[in-house]
Amino acid sequence: MRLAPRHATLLLVLAVFAALPFLLPSSFHLRVATLVWVQALAAVGLNLLMGLAGQVSLGHAGFFGIGAYAVALGPRHLGLDPLLSALAGLVLSGLLALVVGRPILRLRGHYLAVATLGLGILVWLVLNSEVGLTGGPDGIQVPRLVLFGWRVAGAETWYWITGLALLLGVWLALNLEDSPLGRALRALHDSEVAARVAGIDVARAKLVVFVIAAIYAALAGSLLALFNRFVTPQVADFLHSIELVTMVVIGGMGSTLGAIVGAAILTVLPQALTVFHDYEHAVLGLMIILFMIFLRQGIVPGLVALLPRRAVA
Amino acid sequence: MQRRQFFAGMAAAAMLAFAAPGHAQAPIRIGSVLSVTGPASFLGDPEARTLRLYIDRINQAGGVLGRRLELVLYDDGGDANRARTFATRLVEDDRVIAVVGGTTTGTSMAMIPVFEEAKIPFISLAGGIEIIEPVKPFTFKTPHTDKMACEKIFDDLRKRGLTRVGLISGTGGFGASMRNQCLRVAGEFGIQIVADERYGPGDTDMTPQLTRMRNVPGGVQAVINADFGQGPAIVTRNFAQLNMGVPLYQSHGVASRSFIELAGAAAEGVRLPAAALLVAEQLPDNDPQKRVVMAYKQLYESTQNQPVSTFGGHAYDGLMILVEAIKRANSTDGTRIRDAIRATRGFVGTGGVVNMSATDHMGLDLSAFRMIEIRNGTWKLID
């Protein structure tokens, strides 16, 4: 039986997702796995923008932060249900991407990177400075999620919820890659001029994928905040944006599985490297450098290229 | 080939990290999550050094309850999400019996639910009053709150007969929190905040804010600056350049040598509330804290080759309160230790004399703060 690569990716993620709870000994490990799913969801969205369409975003944590703060602020200031707040966060994030994306997606390369960077920093500034509204740098509590009278709690529950969200995200992303929009994005990645000549509305295609990536990030942010039940402006800071970009790049640009692997590495490694104590950060940096030297296209595409040819069907 | 070795090494590292250690006459495990790196590292680093130093010393002296102490310390880099992950790890994997740490208010608040749920005593080293207010059954803290800093300053102002005060604060966590507390308690001391100026974390010139303050109708009789790091040094320099001619008060956030170095001659005459540790040598011999702060200062400075800071002192207090509580409880059961911590009376630490109760999980009063003035480039104990 021949499996299309996108089905193989989905099946692989599904298998890992279903098997992990039986292999992980404690709820701490489940928590780390949950964090991997959440970060991976944001990275999968960002990969659509960066890997597929070739547009850089250095402010993606801003959208993540909007999603995270929506579930903290909606119930507190507007009396909204957390689930409704999360939805409002997705809409707000998508709208912001739509409004801001229109002018800044006209920029290319470094200019686009700087514009998105500015956007991310603006979101962080608001979350950090509006103490009365957001609780400021010390963060804010997030109310517990209650679904139809069921209080959602426990690491294992959140593992399933976030994992299902990721599966859904992966499925949508894989479908998008093979859709007319996906092909249009790949075309404009290679050459915007050629894409335009072929009849693709370049500006619109870029805008749509930017909005989609923003919604992915906002959903991930909402899930993280509901799971942690506490959020600080750090979810939206520049370092987190860089972290998301790094996940996509070391996992392999353009590969959805790569984005998940990248998220897993950047989330699990710091936990594994605590044995190095003071040298933890140096080792982490060194490993990222080594990945980039030896697997230049990113981990997943790099390893696939190393496999014997018959295995890649 | 190289590549294969590299991955093998990585797998080994991962296994090492996740392998469960064996148990003999098991040591007592104390957990800690500190911001040793990142923006709060100037707090977290001395805290980590202090914990390592004193746990070694306690072990050399025979440990606690006949067992060795083992410190499990993680660095959260100042990130609340990472702090929470490490908190879960301390509870689930490392099975610690108590936790000292949480460098910032944000990381502490993120960790509290984890320890509360596991019924593990948690002694935070962060300043924010929300950590212990409302009281949570298993959460304690050792540093003074910013509310106390405000009260100490207002108390000093009242003694000098000054009532019209200008407040200038940074928008960072520390400044924002202290500003709120000062605005809240000013009335109780008959203090009127006639100007309330703010500045951002990266600002390099606060002359406009100070000028506005000088032009307030009726004028200001004193200025209070709530912040730590670079900001207060710049405010102090601008304050001197503008020749404001009224007293300037800083907070306990500047209680380190680097402030005097940064502000230079402009720091002369600046007053601030700070822990006794800062003026250890100047304390009168009959001061109850004299012996403790001198011993800590000498040991820290002789082993770490850096000047002592009050932040490391908070870690010392937290660890010692915990160790004494474990001894008194004669048990490693979380609830018993918690009860013993809560029963702490007359504990003399670097931050002050601690008297805990069921309603007070910090146990410090205003006498824990000393009013200090900067004279001839050094700290001078006033009160």
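Rules and cut-offs
- Residues numbered from 1 in each chain as written.
- Chains lettered and ligands numbered in written order.
- Predicted model: local features only at pLDDT ≥ 70, side-chain atom pairs only at ≥ 80, totals over all residues.
- Heavy atoms only, no water.
- Contact = heavy atoms within 4.5 Å.
- Salt bridge = Lys/Arg side-chain N within 4 Å of Asp/Glu carboxyl O.
- Polar contact = N/O pair within 3.5 Å; in protein donor to acceptor, adjacent residues only side chain to side chain.
- Helix = DSSP H or I, 4+ residues; strand = E, 2+ residues; numbered from the N terminus.
- Nonpolar A, V, L, I, M, F, W, Y, C, P; charged D, E, K, R; others polar.
- Domains from an automatic or database assignment.
- Buried area = accessible area lost by both parts, 1.4 Å probe.
- Expected span 1.5 Å × (residues − 1).
- Bend = angle between axes of the 7 residues up to and from the residue.
- Buried < 20%, exposed > 50% of the residue type's maximum accessible area, 1.4 Å probe, protein only.
- Pairing = 2+ DSSP bridges.
- Lys, Arg positive; Asp, Glu negative; His and termini not counted.
- Disulfide = S-S within 2.5 Å.

With that out of the way, let us pick up the interface of chain B and chain A. Chain B puts 38 residues into the contact, and the matching count from chain A is 32 residues. The tally of links from chain B across to chain A stands at zero salt bridges. At the boundary of chain B and chain A, one finds 10 residue pairs in polar contact (both at pLDDT 80 or more). Counting residues per element, the ones that place at least two in the side of chain B that touches chain A are helix 1 (2-18), strand 2 (69-75), helix 3 (80-92), helix 4 (105-118) and helix 6 (173-185) of chain B. With 10 residues, helix 1 of chain B is the single largest residue contributor to the side of chain B that touches chain A. When its residues are assigned to classes, the side of chain B that touches chain A shows 14 nonpolar, 13 polar and 11 charged.

Further remarks concern the domain arrangement of chain B. Frequently, the measure chosen for interface size is the accessible area removed from exposure when the parts meet. All names here are of chain B. Domain boundaries assigned for chain B yield domain 1 (27-144 + 296-367) and domain 2 (146-274). Between the C-alpha centres of domain 1 and domain 2 the distance comes to 30 Å. Across the contact, nine residues belong to domain 1 and nine residues belong to domain 2. When the buried surface of domain 1 facing domain 2 is broken down by residue, I129, H144 and L366 rank first, second and third, together holding 53% of it. The interface formed by domain 1 and domain 2 contains zero salt bridges. Taken together, the links from domain 1 to domain 2 amount to zero residue pairs in polar contact (both at pLDDT 80 or more). Taken together, the residues that form the side of domain 1 that touches domain 2 break down as five nonpolar, two polar and two charged.

Next up on the list: helix 2 (residues 27-52) of chain A. Residue and element names in this part refer to chain A. The end-to-end C-alpha separation of helix 2 is 35 Å, in line with the 38 Å expected for 26 residues at 1.5 Å each. By the largest-angle criterion, L46 marks the main kink of helix 2, which is about 35°. The element helix 2 is extensively covered by neighbouring structure, given that 25 of its 26 residues are classed as buried. G54, located one to two residues past helix 2, shows a positive phi value of around 70°.

Quick look at the pairing of strand 8 (residues 222-226) of chain B now. For a regular strand, the rule is simple: side chains alternate between the two faces of the sheet. Residue and element names in this part refer to chain B. The element strand 8 is extensively covered by neighbouring structure, given that five of its five residues are classed as buried. Of the two faces of strand 8, the one lined by A222, I224 and A226 and the one lined by V223 and N225 are each fully buried. Where strand 6 (residues 164-170) and strand 8 come together, five bridges link them in parallel fashion. Paired with S169 across the bridge in strand 8 is A226. In this structure, strand 8 lies alongside strand 9 (residues 248-249), joined through two bridges in parallel fashion. Its bridge partner lying in strand 9, I224 is registered against Y249.

Next up on the list: the pattern of salt bridges. Residues and elements named next belong to chain B. All chains considered together, the criterion is met by 17 salt bridges over all chains. Note that K159 is salt-bridged to D155, the shortest N-O span being 3.7 Å. Of this pair, K159 and D155 both sit in helix 5 (residues 146-159), separated by four residues, roughly a single helical turn. Measuring nitrogen to oxygen at the nearest pair gives 2.8 Å for the salt bridge that ties D287 to R370. Note that D287 is positioned in the loop between strand 10 (271-274) and helix 10 (290-304) and R370 in strand 13 (residues 370-375), a separation of 83 residues in sequence.

Residue and element names in this part refer to chain B. Assignment of secondary structure puts K136 in the loop between strand 4 (122-124) and strand 5 (139-141). Of the side chains bearing the opposite charge, E116 lies closest to the buried K136, which forms no salt bridge; the N-O distance is 7.1 Å. Side-chain polar atoms of K136 contact the backbone oxygen of P134, separated by 3.0 Å. Beyond its immediate chain neighbours, meaning those up to four positions away, K136 contacts I112, E116, E130, I131 and H361.

This next bit is on the environment of L30 of chain A. Residue and element names in this part refer to chain A. Secondary-structure assignment places L30 in helix 2. According to the relative accessible area criterion, L30 is buried, its value standing at 8%. When the C-alpha positions of L30 and A217 are compared, they lie 21 Å apart, and in sequence the two are 187 residues distant.

Moving on: the state of the cysteines. Residues and elements named next belong to chain B. Throughout the structure, instances matching the rule amount to one disulfide over all chains. Paired by a disulfide, C150 and C182 hold their sulfur atoms 2.1 Å apart. Between C150 and C182, the S-S torsion sits near -90°, and that sign places the bridge as left-handed. Note that C150 is positioned in helix 5 and C182 in helix 6, a separation of 32 residues in sequence. Note on C150: relative accessible area 0%, which makes it buried.

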